[in-house]
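# Coordinate analysis (summary)
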Amino acid sequence: MIPESHRFPDRAGLALADEGLRLALDRARQGFIGNRRKAVDALPEFPALREAARRIKDHTLSNLDLYLERFESQVTASGGQVHWAADAPAARARIIDICREAGARTVTKGKSMVGEEVALNEALEEAGLEVVETDLGEYIIQLADETPSHIVAPAIHKTREEIRDLFAKHHAPLGLGPPGLGNAELVARAREVLRRDFLRADVGITGANFLIAESGSTVIVTNEGNGDLSNTLPRVHIVIAGIEKVLPGYEDLCTVLRLLARSATGQEMSVYTTVSTGPRRSADLDGPEEFHVVLVDNGRSGMLGGEFREMLRCIRCGACLNHCPVYHAVGGHAYGWVYTGPMGSVLTPLIVGLDRAHHLPNACTLNGRCEQVCPMSIPLPSMLRKLRARGFERGLGTRTSRLGLAMWGFLARRPALYRPVAGAAMGVMGWLGRRRGAFRRVPLAGGWTAVRDLPAPEGETFQRAWRRRGSGGR
Amino acid sequence: MSAGSGGAPAGSAPAGGRDRVLGAVRAAVRRDPAEAAVRRAEIEARIAAREVHVRPPVEGDLTARFAEKVALVASTFAPVKGVDRVSKAVADYLDEHGLGREIVVTTDPLVEQVRWSNEFAVARRAADPDDRVSVTGAFAGIAETGTLVFVSDRRTPTTLNFLPETHVAVLARDRLVPHLEDVWERLRDERADSPRTVNFITGPSRTGDIELQLEIGAHGPRRLHVLLVDV
Ligand code: SF4
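If you're wondering where the values come from, they're calculated on a predicted model, not measured in any experiment. (Residues numbered from 1 in each chain as written. Chains lettered and ligands numbered in written order. Predicted model: local features only at pLDDT ≥ 70, side-chain atom pairs only at ≥ 80, totals over all residues. Heavy atoms only, no water.)

### Some thoughts on the overall build of chain B
The following threshold applies: Secondary structure counts use DSSP, requiring at least four H or I residues in a row for a helix and at least two E residues in a row for a strand, with both numbered from the N terminus. Only protein chains enter the area calculation, which uses a 1.4 Å probe; residues under 20% of their type maximum are buried, those over 50% are exposed, and those in between are partly exposed. Here, two residues are considered to be in contact whenever any of their heavy atoms come within 4.5 Å of each other. Accessibility throughout is a Shrake-Rupley quantity obtained with a 1.4 Å probe, and a residue counts as covered only by protein chains that appear here. Positive: Lys, Arg. Negative: Asp, Glu. His and the chain ends are not part of the count. Throughout, a charge is located at the NZ atom of Lys, the CZ atom of Arg, the CG atom of Asp or the CD atom of Glu.
Counting its regular elements, chain B contains 6 helices and 12 strands. Judged by the C-alpha coordinates and their principal axes, chain B covers about 70 × 40 × 35 Å. Burial status across chain B gives 54% buried among its 231 residues. Once local pairs closer than 6 in sequence are excluded, the contacts in chain B between residues at least 24 apart make up 72%. When the accessible surface of chain B is summed, it comes to about 10100 Å², and 48% of that surface belongs to carbon and sulfur atoms. Charge separation in chain B, taken as the distance between the mean sites of 31 positive and 34 negative side-chain charges, equals 4 Å.

As structure tokens, this is what we get:
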């Protein structure tokens, strides 16, 4: 999709006025935070795992060229093919070529964030292919012609009524009436419809949570089983993956797996962790005949060589979104592109350019919770500060440098939204709010102030925060 | 300027992709060509060392731990005293769910030993879309998380783990291991080549994509039943 991150203030304003979205986000916040907490508390080794994972990933990134070459030679040795794409157009072109060479008409897709990043679906459709997203959340937003609003739960913003209506509309041509409104009925309907697609698809495209240099394997981690049907049933399996996904060996994978599901959904393991190595062996009874891995750079080597290398440790678990008060106030679509929340506020400017996304690093209260919960210990707040500084140097920050301030004003009205957030920002912001009075005229587009009065935090809270932090409190 | 695709020319030649990407990565990590050989030997040594990092302790009885974890992920579990009782155990489970006697099975050594009673209609092949019940031999079980491991080969097709609504997994007790890492050790020991697919399966298929409510049975099996067999 074309990035619309420059419209963050307008979109945030609209999101704040959307009560349905508010309900959905509240539900998400409570579910994700509580489940993660329980899973992390139940594992005393979590901090040690986090440290080990950081070391593994740092080591791999400092030798990324060698590990990529190792990965490539192993894929080739197991009968697969590696393709390299420097940017989004190259990735799209390569995948279209593979589909054409395979004579493909229908493609089923497992969930892939890098697929979203390079706008793969649109390109495949333009090339005349029928593309079916098979992850339930991705399927729903494909029917709605929207982008994911959460990297783990793409359709988190949709209500069951909206989903029922989408199914009713899109399944009518298949001769199916409107499904019931129950969760089970909706899921059963999607299962039924998508089964047909799995069985007739010529190509299955999946992402990769990890690539293993030891063996040339690709790894996907899912709960639904759609990724497995996509990579087993069609004749051709294409994996699209960012170059930063490599891990040296299986033992390294085990360590990172212990962090991923716990951080994402609070599970110890996701239901399906699937390791694919090459195409089917000659005696196998099923599996694809062709196996392709498309390695995508698209800005990653730039991060690798500069002060944002640590961002490449990201395993897309979504914990930073789930603990971000700004994300919970405005939802994913306000961010205007495929990556959202704190990780999106760093990645989007680095991939699409700061000039097109300079609002994002500013839409942050710098409360620090994202870094605390990030299983890969990515210093998101300091990266956001660096991006703010860059934006300011380029004269991009004038109108919106107070966006974070306004955000906080909104959040102050809703203690539940920042209850999970460390109290650090509170004293400072409370003080600012008090001095300036209520945030009635925040520097945002009309949508925001038209619907919200944004008072400063109540005095008692402010006093407490102030005393705790002392007068130097910043 | 930020590194990015924003202004990149469309349709850059795929053929040059490898050099361009690897060249950019080498520059980013400041690779000194004179040292590359040494570094390459180092990463080979690191891979060969197979160093285990941090593992949560798995103490006490493996079976008890495995059974407890399996129940937590919405699977069901039954211990079976000997291969000769597997047929009966499967029949009991199918009766419980009103599922008839048509099954598709793997032909791995353990499941091959099962002598199915006459009432069963047994097929040995990859899964068809209409299959309702599969019975498949597991490569390993992991006590740490209640995970089952399946590997693909000519005897154990992957589709049997995904297409049927009901999946009965048969696991030999001596293939129960404490940790994730142990599975890789066994695979390296027992197989000359890596299989096309290794499936780590922890419970029946599920989704939380509608209003974040857990729903069992998304695209894969709705039921996962584990038979732990003393062999
Ligand atoms: S930045 Fe950290 S918390 Fe956020 S998605 Fe990436 S790994 Fe998860």
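### What about the interface of chain A and chain B?
Basically, it comes down to this: Note on definitions: salt bridges are taken to be side-chain nitrogens of Lys or Arg within 4 Å of carboxyl oxygens of Asp or Glu. Pairs of N or O atoms are called polar contacts if they sit within 3.5 Å, as long as, within protein, a hydrogen donor faces a hydrogen acceptor (for residues adjacent in sequence, only side-chain-to-side-chain pairs). Gly is placed with the polar residues, together with every amino acid not listed as nonpolar (Ala, Val, Leu, Ile, Met, Phe, Trp, Tyr, Cys and Pro) or charged (Asp, Glu, Lys and Arg). When DSSP locates at least two bridges between a pair of strands, those strands are taken to pair.
Counting residues at the interface gives 113 residues for chain A, matched by 87 residues for chain B. Inspection of the chain A/chain B interface yields 13 salt bridges. For Arg-40 of chain B, the salt bridge identified is with Glu-69 of chain A, shortest N-O distance 3.0 Å. Applying the counting rule to chain A against chain B returns 45 residue pairs in polar contact (both at pLDDT 80 or more). Sorting elements by how many residues they give to the side of chain A that touches chain B places helix 10 (residues 183–200) of chain A first, with 10 residues. A breakdown of the residues in the side of chain A that touches chain B according to their chemical character gives 56 nonpolar, 27 polar and 30 charged. Direction of pairing for strand 9 (residues 272–276) of chain A relative to strand 9 (residues 197–201) of chain B: antiparallel, over a ladder of 5 bridges.

### Some points on a negative patch on the surface
Residues and elements named next belong to chain A. Note the cut-off: Residues forming no salt bridge and having over 30% relative accessible area are the ones grouped into patches, like charges within 9 Å of each other and nonpolar side chains (Val, Leu, Ile, Met, Phe, Trp, Tyr) within 5 Å.
The grouping of Glu-122, Glu-125, Glu-126 and Asp-145 at the surface amounts to a negative patch. Within the fold, Glu-122 resides in helix 7 (residues 120–126). Residue classification places Glu-122 among the partly exposed positions, given a relative accessible area of 38%.

### A closer look at the site of the ligand
Operational definition: When at least one non-hydrogen atom of a residue lies within 4 Å of a molecule or strand, that residue is treated as near it.
Neighbouring residues of the ligand: Cys-314, Ile-315, Arg-316, Cys-317, Gly-318, Ala-319, Cys-320, Met-343, Cys-374, Pro-375, Ile-378 and Leu-380 of chain A. Of the residues contributing to the shell around the ligand, the split by class is 10 nonpolar, 1 polar and 1 charged.

### Let's talk about the pairing of strand 7 (residues 166–172) of chain B
Residue and element names in this part refer to chain B. Of all 7 residues in strand 7, 7 are buried, a share of seventy percent or more. Here strand 7 shows two buried faces, one formed by Thr-166, Val-168, Val-170 and Ala-172 and the other by His-167, Ala-169 and Leu-171. Bridging between strand 4 (residues 133–137) and strand 7 involves 5 bridges; their strand directions are parallel. Residue pairing in the sheet places Ser-134 in a bridge with His-167 of strand 7.

### A closer look at the domain arrangement of chain B
Often the size quoted for an interface is simply the accessible area lost on bringing the parts together. The condition is simple: The source of the domain bounds is an automatic or database domain assignment.
Here the domain parsing of chain B yields domain 1 (15–49) and domain 2 (62–229). Placing the centre of domain 1 of chain B and that of domain 2 of chain B at their C-alpha centroids yields a distance of 41 Å.

### Here we look at the pairing of strand 9 of chain B
Residue and element names in this part refer to chain B. Counting buried positions along strand 9 gives 5 out of 5 residues, so the element sits mostly inside the fold. Every second residue of strand 9 is oriented toward a common face, with Thr-197, Asn-199 and Ile-201 on one face and Val-198 and Phe-200 on the other, all of them buried. Note that strand 6 (residues 147–151) and strand 9 share 4 bridges and pair antiparallel. Residue pairing in the sheet places Val-151 in a bridge with Val-198 of strand 9.

### Focus: the environment of His-53 of chain B
With respect to the helices, strands and loops of the structure, His-53 of chain B is situated in the loop between helix 2 (36–49) and helix 3 (62–72). In this structure His-53 of chain B comes out as buried when scored by relative accessible area, which is 17%. With 128 residues separating them along the chain, His-53 of chain B and Glu-181 of chain B place their C-alpha atoms 9.7 Å apart. When neighbours within four sequence positions are excluded, His-53 of chain B is seen to be in contact with Ala-52, Ile-56, Glu-251, Asp-252 and Thr-255 of chain A together with Arg-46 of chain B. Of note is the side chain of His-53 of chain B, whose polar atom sits 2.7 Å from the side chain of Asp-252 of chain A.

### What to know about the sheet that holds strand 6 (residues 217–222) of chain A
One open sheet holds the 8 strands; their spatial order is 8(A)-5(A)-6(A)-9(A)-9(B)-6(B)-5(B)-8(B), and the pairing between them is mixed. Two strands in the sheet have a free side with no partner beyond their single neighbour: strand 8 (246–247) of chain A together with strand 8 (176–177) of chain B. Of the pairings in the sheet, the one linking strand 5 (residues 210–212) of chain A to strand 8 of chain A comprises 2 bridges and is parallel in character. Within the sheet, the bridge partner assigned to Leu-211 of chain A lies in strand 8 of chain A and is Val-246 of chain A.

### Considering empty space enclosed by the protein
Residue and element names in this part refer to chain A. Heads up, the rule is: We place a 1 Å grid over just the protein atoms. Points where a 1.4 Å probe fits but has no way out form a cavity, open points with protein on both sides within 12 Å along at least 5 of 7 lines form a pocket, and any residue with an atom within 4 Å of a point lines it. Grid points are joined across faces, edges and corners, and a volume is the space filled by probe spheres set on the points.
For the structure shown, the criterion picks out 7 cavities of 30 Å³ or more. The volume enclosed by the largest cavity comes to roughly 120 Å³. Along the wall of the largest cavity there are 18 residues; nearest its centre are Cys-324, Pro-342, Cys-364, Asn-367 and Cys-370. Only helix 15 (325–330), helix 16 (341–352) and helix 18 (369–373) provide two or more residues apiece to the lining of the largest cavity.

### Digging into the packing of aromatic side chains
What counts, and what does not: When two rings of Phe, Tyr or Trp (its six-membered ring) have centres within 6.5 Å they constitute a pair, described as stacked for plane angles under 30 degrees, edge-to-face for angles over 60, and tilted for the intermediate range. Two limits define a charge over a ring: the Lys NZ or Arg CZ must be within 6 Å of the ring centre, and within 35 degrees of the ring normal.
Throughout the structure, instances matching the rule amount to 9 aromatic pairs over all chains. Put simply, the rings of Phe-8, Tyr-327 and Tyr-335 of chain A pair up and form one aromatic cluster. We note Arg-175 of chain B situated over the ring of Phe-139 of chain B; from NZ or CZ to the ring centre the distance is 4.7 Å.

### Some details on the side chain of Ser-215 of chain A
Locating Ser-215 of chain A in the fold gives a position in the loop between strand 5 and strand 6. Taking relative accessible area as the criterion, Ser-215 of chain A reaches 9% and is therefore assigned buried.

### Examining the environment of Ala-15 of chain A
Residues and elements named next belong to chain A. Here Ala-15 is to be found in helix 1 (residues 8–16). By relative accessible area, Ala-15 is classed as buried at 8%. Residues Ala-15 and Arg-160, 145 residues apart in the sequence, show an inter-C-alpha distance of 19 Å. Excluding residues that lie within four positions of it along the chain, Ala-15 makes contacts with Leu-21, Arg-22 and Val-330.

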